[in-house]
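Okay, here's what each chain looks like letter by letter:
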Amino acid sequence: AINNYALADTILQKAYAKNLKYHRAQLNAALAQNYLYKEDIDSAIFHLQKAVDFTKNRYEKTRWTFILAQLQEENNQLEDAYSNYSKVVKSNAGKC
């Protein structure tokens, strides 16, 4: 059950379809993680960007922005990656 990504995907997609206002950030982050397990980097980037946009938590925003930059760099989206790395640096990440 630990590696049952298909079941996780089904559950996450059902929750996503309900557009749960107060859980959008965490739900998108979980979807991004699930897409990473399936090696679908484009979908992971899409959902992680949404997670960054929805979260109000400064620590989550900084952490997810850094991960997003890493994925963009890996996906050869270098301008976007640079922009997101810069946001992390400007956030005073060490002080979160």
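All chains use their own residue numbering, which begins from 1 and follows the written sequence. pLDDT decides what is reported in this predicted model: residues at 70 or higher carry local features, side-chain atom pairs at 80 or more are listed and counted, and totals for whole chains, interfaces and linings draw on all residues regardless. The side-chain quantities take in all heavy atoms of the structure and omit both hydrogens and water.

**Thoughts on the overall build of the protein chain**
Okay, so step 1: Secondary structure counts use DSSP, requiring at least four H or I residues in a row for a helix and at least two E residues in a row for a strand, with both numbered from the N terminus. Each helix and strand in the protein chain was counted, giving five helices and zero strands.
Okay, so step 2: Each helix and strand of the protein chain, placed in order from N terminus to C terminus, yields the pattern α-α-α-α-α.
Okay, so step 3: Partly exposed describes any residue whose relative accessible area lies between the buried limit of under 20% and the exposed limit of over 50%, with all areas from a 1.4 Å probe on protein chains only and scaled to the type maximum. Across the 96 residues in the protein chain, those meeting the buried criterion constitute 31%.
Okay, so step 4: Contacts are assigned to residue pairs that have any heavy atoms within 4.5 Å of one another. Taking the contacts inside the protein chain whose residues are at least 6 apart along the sequence as the reference set, 42% of them involve residues at least 24 apart.
Okay, so step 5: All accessibility values rest on the Shrake-Rupley procedure with a 1.4 Å probe; residue burial counts only the protein chains present in the view. When the accessible surface of the protein chain is summed, it comes to about 6,600 Å², and 53% of that surface belongs to carbon and sulfur atoms.

**As for the nonpolar core**
Okay, so step 1: Buried Ala, Val, Leu, Ile, Met, Phe, Trp, Tyr and Cys residues that are joined via side-chain atoms within 4.5 Å together make up what is termed a nonpolar core. Grouped together as the largest cluster of nonpolar side chains are 16 residues, with contacts concentrated most on Ile-45, Leu-48, Ala-51, Trp-64 and Leu-71.
Okay, so step 2: Among the elements of the structure, α2 (24–37), α3 (41–54) and α4 (58–74) are those that each provide at least two residues to this core.
Okay, so step 3: Filtering out sequence-adjacent residues up to four positions away, Trp-64 remains in contact with Ala-25, Gln-26, Ala-29, Leu-48, Ala-51, Val-52 and Thr-55.

**Describing unusual backbone geometry**
Okay, so step 1: A positive phi is found at Glu-39, a non-glycine position, where the angle reads about 60 degrees.
Okay, so step 2: Relative to the helices and strands, Glu-39 resides in the loop between α2 and α3.
Okay, so step 3: Assessed through its relative accessible area of 70%, Glu-39 is described here as exposed.
Okay, so step 4: In this model, Asn-76 sits at a positive phi of 60 degrees, which is unusual for a non-glycine residue.
Okay, so step 5: For Asn-76, a relative accessible area of 60% translates into the label exposed.

**Structural notes on the environment of Asp-42**
Okay, so step 1: Here Asp-42 shows up in helix α3.
Okay, so step 2: Taking the C-alpha atoms as reference points, Asp-42 and Asn-75, separated by 33 residues in sequence, lie 7.9 Å from one another.
Okay, so step 3: Looking at Asp-42, its side chain comes within polar contact range of the side chain of Asn-75, at 2.7 Å. Counting of polar contacts relies on pairs of N or O atoms within 3.5 Å, with two restrictions inside protein: one atom must be capable of donating a hydrogen and the other of accepting it, and residues adjacent in sequence are counted only when both atoms are side-chain atoms.

**Observations regarding the environment of Ala-81**
Okay, so step 1: Structurally, Ala-81 is set in helix α5 (residues 78–90).
Okay, so step 2: Taking the C-alpha atoms as reference points, Ala-81 and Phe-66, separated by 15 residues in sequence, lie 8.7 Å from one another.
Okay, so step 3: Apart from the residues lying within four places of it in its own chain, the contact partners of Ala-81 are Ala-69, Gln-72 and Glu-73.

**Examining the environment of Phe-54**
Okay, so step 1: The topology assignment puts Phe-54 in helix α3.
Okay, so step 2: Taking C-alpha positions, Phe-54 is 6.4 Å from Arg-24, a pair spaced 30 residues apart along the chain.
Okay, so step 3: When sequence neighbours within four positions are dropped, the list of residues in contact with Phe-54 reads Arg-24, Ala-25 and Asn-28.

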